[in-house]
Amino acid sequence: MSEPSPDVPAEAWSGVHRGPLREGEWVRLTDQKGRKHNFELIAGKRFFSNKGHLDHDELIGRDEGFTVTSSAGGQYLVFRPLLNEFVVSMPRGAAVVYPKDAAQIVALADIYPGARVVEAGAGSGALTCSLLRAVGPWGRVTSFELREEFAEVARRNVTQFFSAPEGGTHPAWDLRLGDLKDGLPALGAQVDRIILDMLDPWNCVDVVADALVPGGIVCAYVATTTQLSRIVETLRAHGGFTEPQPWESLVRDWHVEGLAVRPGHKMIGHTAFLVTARRMAPGEKPPRKTRRPAPGAYGPDYTGPRPADVPPPEQPDEA
Ligand SMILES: C[S@@+](CC[C@H](N)C(=O)[O-])C[C@H]1O[C@@H](n2cnc3c(N)ncnc32)[C@H](O)[C@@H]1O
């Protein structure tokens, strides 16, 4: 009887491999200064750096997690890239959702195995990889992307990450070229979760409301406070969603060395804000808020969408 393969079963579509490194796989080398180098293993090929060269053949066939020394004495740590490492080093079209935010989206937009998820735009496919990981092969991720060149970048990145055979892709993935506002109604199916990473998510709220199942979650990812205000107020004014929950996540690395235990000097100051809201059942409204808006919150200077129970401000007399 032949030995069972040490690899993760291919039908799991996890994007992870176990066992010895093989030709065609990507590896991530980290040098002594922490610089990263990602490349595909090809028999007979050489990796060059400022510390000489390394033959790919020295890496192929070994178990990941070792140190290798180049021709000029440079030491490199060798591992397969993790999902969070892959998405920040892969080729980009549009800006990507950073791993700290992808983790928040998967957890707080409650992406689960078997879920039917829609996202827009696909961009470079970074968030797509996390969504596909979370829904697994029995779920569905339908990704809309307006721009053909970005859709192509996303297709290449997602295909590479999940080691899909040439011309194939993850079985739960459906990449569609076009505007979510047209494509979502045309899907003709209800979905469980919708993630919006685009400039103007407020223009999609009506189609999102029509496509989400009762209890479904919409999650928007926006870079600026003006976008944050507009998407929150549009969801509120729609009336068919629970009170939107806006937040951002700040992650700070720590330096821990003997008695020197302190926050790191560098951190990613800002990526984007997140907002989630749940879809009410048809015809149902969330309870009215008992707390009144802060004085002036919806005063004469406020020009955005207005909650139904907030009257328009009195206009100053024209005298
Ligand atoms: C910031 S990028 C998305 C990045 C992606 N989430 C990732 O992690 O790689 C925003 C993308 O949304 C696309 N887009 C904007 N409005 C859209 C719409 N209405 N329908 C589909 N795609 C849209 C843009 O072309 C752009 O590629």
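Not measured: the values here are computed from a predicted model. As a convention, each chain's residues are numbered from 1 in the sequence order in which they are written. Residue-level local features of this predicted model are given only where pLDDT is at least 70; pairs of side-chain atoms are given and counted only at 80 or more, and the full residue set underlies all totals for whole chains, interfaces and linings.

### Some details on the overall build of the protein
Runs of E in the DSSP output that reach at least two residues are strands. Runs of H or I that reach at least four are helices, and both are numbered from the N terminus. Along the protein, the regular secondary structure elements total seven helices and 15 strands. Split into buried and exposed, the 319 residues of the protein put 32% on the buried side. What counts as a contact here is a pair of residues whose C-beta atoms, placed from the backbone, lie within 7 Å. Contacts in the protein between residues at least 24 apart in sequence constitute 61% of all its contacts with a sequence separation of at least 6. With C-beta atoms placed from the backbone, a residue is labelled by how many other C-beta atoms lie within 10 Å of its own: buried for 20 or more, exposed for 12 or fewer, partly exposed between the two.

### Examining the domain arrangement of the protein
Domain limits in this description derive from either an automatic procedure or a database domain assignment. By domain assignment, the protein separates into domain 1 (22–81) and domain 2 (85–278). Between the C-alpha centres of domain 1 and domain 2 the distance comes to 32 Å.

### Some details on helix α2 (residues 99–108)
Two residues of an α-helix separated by three or four positions point the same way, owing to the 3.6 residues in each turn. Of all the positions in α2, only P99, D101, A102, Q104, I105 and V106 are classed as buried. Looking at the buried positions of α2, the neighbouring elements they touch are α1 (83–89), α3 (126–135), β10 (191–196), β11 (212–222) and β15 (273–278). Looking one or two residues past α2, D110 carries a phi angle of roughly 55 degrees, positive in sign.

### Brief notes about the sheet that holds β15
Paired strands, as defined in this entry, are two strands with at least two bridges between them according to DSSP. Taken in spatial order, the seven strands line up as β9-β8-β7-β10-β11-β15-β12 in an open sheet, and their pairing is mixed. Only two strands of the sheet have a single neighbouring strand rather than two, namely β9 (173–177) and β12 (245–247). Adjacent strand axes in the sheet meet at a mean angle of 15 degrees when their direction is disregarded. Sheet analysis places strand β7 (residues 116–120) next to strand β8 (residues 140–145), joined by five bridges and oriented parallel. What sits directly across from A120, in β8, is F144. Helix axes are fitted only over the stretch in contact, all axes being lines through C-alpha atoms; the angle between N-to-C directions runs from 0 to 180 degrees. Its contacts with the sheet put α3 on β7, β8, β9 and β10, and the angle it makes with β8 is roughly 165 degrees. The strands touched by helix α4 (residues 148–161) are β8 and β9; relative to β9, the strand with the most contacts, the crossing angle is about 165 degrees.

### Here we look at the site of the ligand
For each residue, a C-beta atom is placed from the backbone, and the residue is labelled near a molecule or strand when this atom is within 6 Å of it. Residues in close proximity to the ligand total 22 residues, the closest being A94, G121, G123, A126 and M198. Looking at the shell around the ligand, the elements with two or more residues in it are α3, β8 and α5 (180–187). In this count, Pro and Cys sit with the nonpolar residues alongside Ala, Val, Leu, Ile, Met, Phe, Trp and Tyr, while Asp, Glu, Lys and Arg are called charged and the others, Gly among them, polar. For the shell around the ligand, a count of residues per class yields 13 nonpolar, four polar and five charged.

### Let's talk about the pairing of strand β1 (residues 26–30)
Of the two faces of β1, only the one carrying V27 and L29 is buried; W26, R28 and T30 on the other face are not. Of the pairings in the sheet, the one linking β1 to strand β2 (residues 36–40) comprises five bridges and is antiparallel in character. Counterpart to T30 in the pairing with β2 is K36. Taking the residues between adjacent antiparallel strands as the criterion, β1 and β2 are bridged by five residues, where G34 takes a positive phi near 90 degrees. Alignment of β1 against strand β6 (residues 75–79), held across three bridges, turns out to be antiparallel. The partner of R28 across the bridge, within β6, is F79.

### What about the sheet that holds strand β5 (residues 66–69)?
The strand order β2-β1-β6-β5 describes an open sheet built from four strands, whose pairing is antiparallel. Of all the strands in the sheet, just β2 and β5 have a single pairing partner and so form its edges. Averaged over neighbouring strand pairs, the angle between their axes works out to 30 degrees when direction is ignored. As paired elements, β5 and β6 share four bridges and run antiparallel to each other. The partner of T67 across the bridge, within β6, is L77.

### Some remarks on the nonpolar core
Burial of nonpolar side chains together is a common tendency in soluble globular proteins. Defined on buried residues, the nonpolar core groups Ala, Val, Leu, Ile, Met, Phe, Trp, Tyr and Cys residues joined through C-beta atoms within 7 Å. With 62 residues, the main nonpolar core has V135, L196, V208, V218, C219 and V275 as its most contacted residues. Not counting residues up to four positions away in its chain, the partners in contact with V275 are C219, A220, L228, I231, V232, P244, Q245 and P246.

### Considering the pairing of β10
Burial analysis of β10 places five of its six residues in the buried class, the great majority of the element. Where β7 meets β10, four bridges bridge the pair, whose relative direction is parallel. Looking at β10, one finds that V117 is bridged to R193. Sheet analysis places β10 next to β11, joined by five bridges and oriented parallel. Residue pairing across strands places I194 opposite V218, the latter belonging to β11. Looking down the strands as they point away from the viewer, one classifies a crossover as right-handed if the path from the first strand across the helix to the second runs clockwise. For the crossover that starts at β10, traverses helix α6 (residues 205–211) and ends in the parallel β11, the hand is right-handed.

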